[in-house]
Amino acid sequence: MKINSFFRKIRRAVVFLCLTLLVPCLLSSCDEKMMDYEGPESVYFLQYTGIGMKYYNTSSTNLMNYTEQEIDYPVAVTVTGETRDYDRPYLIAAAEGTTAVEGVDYRIPSGGVIKAGTYNDTIIVKLLKNDKLYNESVKLVLTVVPNEYFTTDLSAIQPKDAFDPRFFELTFTSMMDKPFWWESYSTTTDVENGNLGFFTAKKISLLNEQFNLTYADWLQGSGMTTTKVRYIYLRFGKYLIQQYRNHTPVLEDDGRLMWVTGCPWTSVVGQPWDGTFNPNY
């Protein structure tokens, strides 16, 4: 019994010692990793892949992968220094090198807020689909702007990569190549043929809108089948015919009537429709 009592005392002593060492760590030293920063409180962009925490400050996207006309594109923002017990606004702006047009290709907020007790925020960039993007790519370069709460001086932190995190560059477009499932057709004539006719960005955009598809749905390996494609062009042909009968015909950019198999009219590339409605259609 005396031996058991001895070991119980030893155990109590060990537990007391562990608590004595652990509590100060929890209260102070474990926080030192978050408190040991000395330098200006600054704001910067922090994008990462999630794979090995690989950071980057450039990205690209094809707007045809979205069904919406306005796409919400998130961009992560973080700050140096300690958390605060109050909200801290920060500012952003479009920087030199931007080729996108505000209000036409994109919209951005003037900034955001680092909430009390946090280090991070996410701003939402609005990317706007428009016909111009069918034929070109544009670039939006974002930059952080100093204000009364934050500088943009990052000299006190170790760079995570060989780029400047005060900037984030986004390239976007609606340009597309002919998808895998777009049936081949003769290139020796300008007369539309094949089940889906000639591939155009305007046609696939309307197809996606009508059938709730994205450009990615047409790519090889997407699950698109011959049966599904057949269903699409047959239904789309009926839609084009009905629009014609309603005297609201759908035209390609060169002025010709949009065509898929089943449409009773002939569509020739570069030859605009003459505006005459055929009552037999």
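Residues numbered from 1 in each chain as written. Predicted model: local features only at pLDDT ≥ 70, side-chain atom pairs only at ≥ 80, totals over all residues. Heavy atoms only, no water.

Q: Help me understand the overall build of the protein in this model?
A: Per the secondary structure count, the protein includes four helices and eleven strands. Out of the 281 residues belonging to the protein, those deemed buried represent 36%. In the structure as shown, the protein presents an accessible area of about 16,400 Å², 54% of it carried by carbon and sulfur atoms. (Helix = DSSP H or I, 4+ residues; strand = E, 2+ residues; numbered from the N terminus. Buried < 20%, exposed > 50% of the residue type's maximum accessible area, 1.4 Å probe, protein only. Areas by Shrake-Rupley, 256 points an atom, 1.4 Å probe, with all protein chains shown as cover.)

Q: Help me understand the sheet that holds strand E5 (residues 70-79) in this model?
A: Pairing between the strands of a sheet comes from backbone hydrogen bonds, and it takes one of two forms, parallel or antiparallel. Judged by pairing direction, the sheet is antiparallel, and its four strands sit side by side in the order E1-E5-E9-E7 without closing on themselves. What marks the edges here is a single partner per strand, and that holds for strand E1 (43-45) and strand E7 (106-107). Relative to strand E9 (residues 120-128), E7 runs antiparallel, the two sharing two bridges. Looking at E9, one finds that Tyr106 is bridged to Leu127. (Pairing = 2+ DSSP bridges.)

Q: When you look at the environment of Val43 in this model, what are you seeing that I'm missing?
A: The topology assignment puts Val43 in strand E1. With 110 residues separating them in the primary sequence, Val43 and Asp153 have C-alpha atoms 8.3 Å apart.

Q: Is there a simple way to think about helix H4 (residues 226-245) in this case?
A: For an α-helix, 3.6 residues make a turn, and residues three or four places apart therefore share a direction. The terminal C-alpha atoms of H4 lie 29 Å apart, and with 20 residues this matches the ideal 28 Å at 1.5 Å per residue to within 8%. Of all the positions in H4, only Val229, Ile232, Tyr233, Phe236, Gly237, Leu240, Ile241, Gln243 and Tyr244 are classed as buried. Here the buried residues of H4 occupy an arc of 160° about the axis, which is enough to place them on one side. In H4, the exposed positions angled more than 90 degrees off the buried face are occupied by Thr227 and Lys238. (Expected span 1.5 Å × (residues − 1). Arc of directions from axis to C-beta.)

Q: What should I look at first to understand the pairing of strand E10 (residues 137-145) in this one?
A: Looking along a regular strand, one sees side chains alternate from face to face of the sheet. Summarising the sheet, strand E6 (residues 88-94) and E10 pair through four bridges and their orientation is antiparallel. In the sheet register, Ala94 faces E10, and the bridge partner there is Leu142. Alignment of E10 against strand E11 (residues 167-173), held across seven bridges, turns out to be antiparallel. In the strand pairing of E11, Leu140 is matched with Leu170.

Q: Quick question: what am I supposed to make of the nonpolar core here?
A: Generally speaking, a soluble globular protein has its nonpolar side chains buried in company with each other. One finds Leu196, Ile204, Trp218, Leu240 and Trp265 to be the most contacted residues of the largest nonpolar core, which totals 28 residues. For this core, the secondary structure elements donating two or more residues are helix H3 (201-211) and H4. Examining the composition of this core, we find that seven residues originate from one element, H4, more than from any other. Not counting residues within four places of it along the chain, the set of residues in contact with Leu196 comprises Trp181, Trp182, Glu183, Lys203, Leu207, Trp218, Val229, Tyr233, Trp259 and Val260. Formed by 26 residues, the second largest nonpolar core is a distinct cluster that contains Tyr73, Val75, Ala100 and Leu140. (Core = buried A, V, L, I, M, F, W, Y, C linked by side-chain atoms within 4.5 Å. Contact = heavy atoms within 4.5 Å.)

Q: Can you help me understand the pattern of salt bridges in this one?
A: Pairs can form between side chains of opposite charge once their charged atoms are near each other. All chains considered together, the criterion is met by twelve salt bridges. The residue Glu70 makes a salt bridge to Arg107 at a minimum N-O spacing of 2.9 Å. Of the two residues, Glu70 sits in strand E5 while Arg107 sits in strand E7, which places them 37 residues apart along the sequence. Its salt-bridge partner being Arg256, residue Asp254 comes within 2.7 Å of it at the nearest N-O pair. With relative accessibility at 26%, the residue Asp254 sits in the partly exposed group. One network of salt bridges, in which partners are shared, links Glu192, Lys203, Asp254 and Arg256. (Salt bridge = Lys/Arg side-chain N within 4 Å of Asp/Glu carboxyl O.)

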